[in-house]
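# Structure at a glance
As a plain string of letters, each chain reads:
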Amino acid sequence: MFKEQIDKTRVPQHVAIIMDGNGRWAKERGLDRIFGHKEGAAAFSDVTEAAVEIGVKYLTAYAFSTENWNRPQAEVEALMSLLVSTIEKETEKLLKNDIRLCCIGDIKRLPKPVFDKLNGCLERTAHCKRMTIILALSYSSKWEILEAVKNIANDVKDNKLSAEKIDDELFSSYLNTKNFPDPDLLIRTSGETRISNFLLWQIAYSELYFTNTNWPDFRKEQFFEAICDYQKRERRFGKTSEQLKTEI
Ligand code: IPE
Ligand code: IPE
Ligand code: MG
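Summarised in this report is the structure supplied together with it. (Residues numbered from 1 in each chain as written. Chains lettered and ligands numbered in written order. Predicted model: local features only at pLDDT ≥ 70, side-chain atom pairs only at ≥ 80, totals over all residues. Heavy atoms only, no water.)

Across its full length, the chain carries eight helices and six strands. Going residue by residue from the N terminus, the α and β elements of the chain occur as β-α-α-β-α-β-α-β-α-α-β-β-α-α. By the compact-globule yardstick of 18 Å for 248 residues, the chain fits well, its C-alpha radius of gyration being 19 Å. For the chain, the spread of C-alpha atoms along the principal axes amounts to about 55 × 50 × 35 Å. Across the chain, the fraction of contacts at a sequence separation of at least 24, relative to all contacts at a separation of at least 6, is 78%. (Helix = DSSP H or I, 4+ residues; strand = E, 2+ residues; numbered from the N terminus. Rg over C-alpha atoms; globule rule 2.2 N^0.38 Å. Contact = heavy atoms within 4.5 Å.)

In structure tokens, the structure reads:
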């Protein structure tokens, strides 16, 4: 059992996940891809519970990328209705567990009924404090960075900002993720070892964890295993190991 091995004093504050492998999970079972997505939603519910149990404060999940709009229309539609039914099913649970739902991405591109349903949940859970779930929807990091650059350029042009003031912190404050700390740990499932346009700026110093498990099979135990792996690492942020030991 990995849960018992977790050091509760060193739990990552923010875990981000690229939930990949739903389609392959379904194919292996001779099922339509959408069954993989449905089982993926169940896995997300499990992982949310696991994250709450150990005191993770922020859980970001890549649910739908900008590039995913290019999938066959039937799959996009199925994913959108799954999003609506998941929100309908989970909102009360979020409220009961004091979990806030936030969103990053170009959510104006979502179909109106999906957008409205999502907004309702964002508003209803806005006061919740125990953990924040950040759903990346219609999200791509290059899009987010370009939006930030455009907004910064406009603010400089309108004399609201001087170019000399642009630093790491200011740039971060123009991103969708401005209210959240950077992820400590990024998990990607399904054996793919790429970032796929996710949080490029924010994961500059995150620990990366790749597993061959397809997302629908990534449940509490697999999540706790990833946390244990994370806790074995030394985050040096450019310093030496010796320096870190004298700082404590
Ligand atoms: C991840 O699973 C879910 C989304 C991208 C929406 P995939 O649908 O990418 O599954 P694979 O990679 O085809 O197995
Ligand atoms: C990345 O998965 C996006 C999500 C998990 C939502 P994909 O399966 O779309 O990624 P690529 O295109 O194979 O890299
Ligand atoms: Mg995939």
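If you look at soluble globular proteins, the nonpolar side chains tend to sit buried side by side. By size, the foremost hydrophobic cluster in this structure holds 48 residues, and its most contacted members are V15, I17, L118, L137, I187 and F223. The contacts of L118, once residues within four sequence positions are left out, are I87, L101, C103, I107, L110 and L137. Counting residues in hydrophobic clusters, the runner-up holds 15 residues, among them I18, Y58, L186 and I195. (Core = buried A, V, L, I, M, F, W, Y, C linked by side-chain atoms within 4.5 Å. Buried < 20%, exposed > 50% of the residue type's maximum accessible area, 1.4 Å probe, protein only.)

Now for the pattern of salt bridges. Scanning the entire structure with this criterion turns up 28 salt bridges. Here K108 and D106 are joined by a salt bridge, their closest N and O atoms 3.8 Å apart. A salt bridge links K239 to E247, with the nearest nitrogen and oxygen atoms 2.5 Å apart. Exposure remark for K239: the relative accessible area of 37% places this residue in the partly exposed category. Residue class for E247 comes out partly exposed when judged on its relative accessible area of 49%. (Salt bridge = Lys/Arg side-chain N within 4 Å of Asp/Glu carboxyl O.)

Our next topic: the site of ligand 2. Around ligand 2, the structure places I18, M19, D20, Y62, A63, F64, N68, R71, R188, R194 and S196. Interatomic distance of 3.4 Å between a side-chain N/O atom of R188 and an oxygen atom of ligand 2. Its free accessible area being 390 Å², ligand 2 has 78% of it covered by the protein chains. With respect to the detected pockets, ligand 2 is housed in the largest pocket. Ranked by residue count, the leading element in the shell around ligand 2 is strand β2 (residues 58-65), at three residues. In terms of residue class, the shell around ligand 2 is built from five nonpolar, two polar and four charged. (Near = heavy atom within 4 Å. Polar contact = N/O pair within 3.5 Å; in protein donor to acceptor, adjacent residues only side chain to side chain. Areas by Shrake-Rupley, 256 points an atom, 1.4 Å probe, with all protein chains shown as cover. 1 Å grid on protein atoms, 1.4 Å probe; cavity = no way out; pocket = protein on both sides within 12 Å on 5 of 7 lines; lining within 4 Å. Sits in = over half its atoms within 2 Å of the grid points. Nonpolar A, V, L, I, M, F, W, Y, C, P; charged D, E, K, R; others polar.)

This paragraph deals with the packing of helix α2 (residues 33-54) against helix α3 (residues 73-96). One way to put it is that α2 packs onto α3 with a least axis distance of 10 Å and a crossing angle of 30 degrees. On the basis of the axis angle, α2 is roughly parallel to α3. As α2 packs across α3, the resulting crossing turns out to be right-handed. Mapping the contact onto sequence places R33, I34, H37, K38, A41, S45 and E49 in α2 and E75, A78, L79, L82, T86, E90 and K93 in α3. A per-class count over the contact of α2 with α3 returns five nonpolar, three polar and six charged. (Axes fitted to C-alpha atoms, helices over the stretch in contact; angles between N-to-C directions. Parallel < 35°, antiparallel > 145°, perpendicular 65-115°, else oblique. Left-handed = near helix turned anticlockwise from the far one by under 90°.)

This part covers the sheet that holds strand β4 (residues 131-139). The sheet built from six strands is open, its strands ordered β3-β4-β2-β1-β5-β6 with parallel pairing. Strand pairing shows two members of the sheet lacking a second neighbour, β3 (99-104) and β6 (207-210), which therefore form its edges. Strand-to-strand twist in this sheet, taken as the mean axis angle between neighbours without regard to direction, amounts to 20 degrees. As paired strands, strand β1 (residues 14-18) and strand β5 (residues 185-188) are joined by four bridges and run parallel to one another. Bridge pairing in β5 places A16 opposite L186. Contacting β3 and β4, helix α4 (residues 112-124) crosses the sheet at an angle of about 135 degrees to β3. Across the face of the sheet, helix α7 (residues 220-231) comes into contact with β1, β5 and β6 while running at roughly 135 degrees to β5. (Pairing = 2+ DSSP bridges.)

Moving on to the site of ligand 1. Close to ligand 1 lie M19, D20, G21, N22, G23, R24, R33, H37, A63, N68, R71 and L79, which account for all nearby residues. Within the backbone of G21, an N or O atom sits 3.4 Å from an oxygen atom of ligand 1. Burial of ligand 1 by the surrounding chains reaches 86%, relative to a free accessible area of 380 Å². Those elements giving two or more residues to the shell around ligand 1 turn out to be α1 (22-28) and α2.

This paragraph deals with the pairing of β3. Extensive coverage of β3 is indicated by the burial of five of its six residues. Of the pairings in the sheet, the one linking β3 to β4 comprises six bridges and is parallel in character. Paired with C102 across the two strands is I134, which belongs to β4. You can see the chain leave β3, run along α4 and come back into β4, and the turn it takes is left-handed. (Right-handed = clockwise from strand over helix to strand, strands pointing away.)

So far we have only geometry, and geometry alone does not tell us how the molecule works.
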